[in-house]
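If you want the building blocks of each chain, they are given just below.
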Amino acid sequence: LRPDRMATALANWIRMVLPNGRDYMDCDASLSFYEVLSSSYEDSTNVTPFFFILSPGADPVKEVEAMGKKMIALQANVNYHN
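Below: a short report on this structure.

Let us look at a nonpolar patch on the surface. On the surface, Phe33, Tyr41, Phe50, Phe52, Leu54, Val64, Met71 and Ile72 cluster together into a nonpolar patch covering about 690 Å² of accessible area. Of all the elements in the fold, those that place two or more residues in the nonpolar patch are α3 (33-43) and α4 (61-72). Tracing the backbone shows Ile72 in helix α4. Ile72 sits in the exposed class, given a relative accessible area of 56%.

We now examine the environment of Glu35. With respect to the secondary-structure elements, Glu35 resides in helix α3. For Glu35, a relative accessible area of 42% translates into the label partly exposed. For the pair Glu35 and Leu1, spaced 34 residues apart in sequence, the C-alpha separation works out to 33 Å. Within polar-contact distance, the side chain of Glu35 engages the backbone nitrogen of Ser32 at 2.8 Å.

Turning our attention to the pattern of salt bridges. What the rule picks out here adds up to two salt bridges. We note a salt bridge from Asp4 to Arg2, for which the minimum N-O separation is 2.7 Å. With its nearest N and O atoms 3.7 Å apart, the salt bridge here joins Arg5 to Asp4. One exposure class covers both Arg5 and Asp4, and it is exposed. Several salt bridges share partner residues, and in doing so they unite Arg2, Asp4 and Arg5 into one network.

Calculation rules
Residues numbered from 1 in each chain as written. Predicted model: local features only at pLDDT ≥ 70, side-chain atom pairs only at ≥ 80, totals over all residues. Heavy atoms only, no water. Patch = residues over 30% accessible without salt bridge, like charges linked within 9 Å, V, L, I, M, F, W, Y side chains within 5 Å. Areas by Shrake-Rupley, 256 points an atom, 1.4 Å probe, with all protein chains shown as cover. Salt bridge = Lys/Arg side-chain N within 4 Å of Asp/Glu carboxyl O. Helix = DSSP H or I, 4+ residues; strand = E, 2+ residues; numbered from the N terminus. Buried < 20%, exposed > 50% of the residue type's maximum accessible area, 1.4 Å probe, protein only. Polar contact = N/O pair within 3.5 Å; in protein donor to acceptor, adjacent residues only side chain to side chain.

All quantities given are derived from atomic positions and should not be read as evidence of function.
Here is the structure:
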């Protein structure tokens, strides 16, 4: 498996195989990452988690922590990640 082809192959697989896969892969580009994250949180449950498939340089930690502080009152100045 070639690493340079995995992102495209994974995106195509999600679009074609998963139910409503196109809705997940071809989302509205005008939304900020925080808005997409909030929408994903609303769709998730304790048995339906969501995964981050990151590209090089992507770092969702700031937005995840901001959402955590807003939604479930995470404590300020506490490190919740490695």
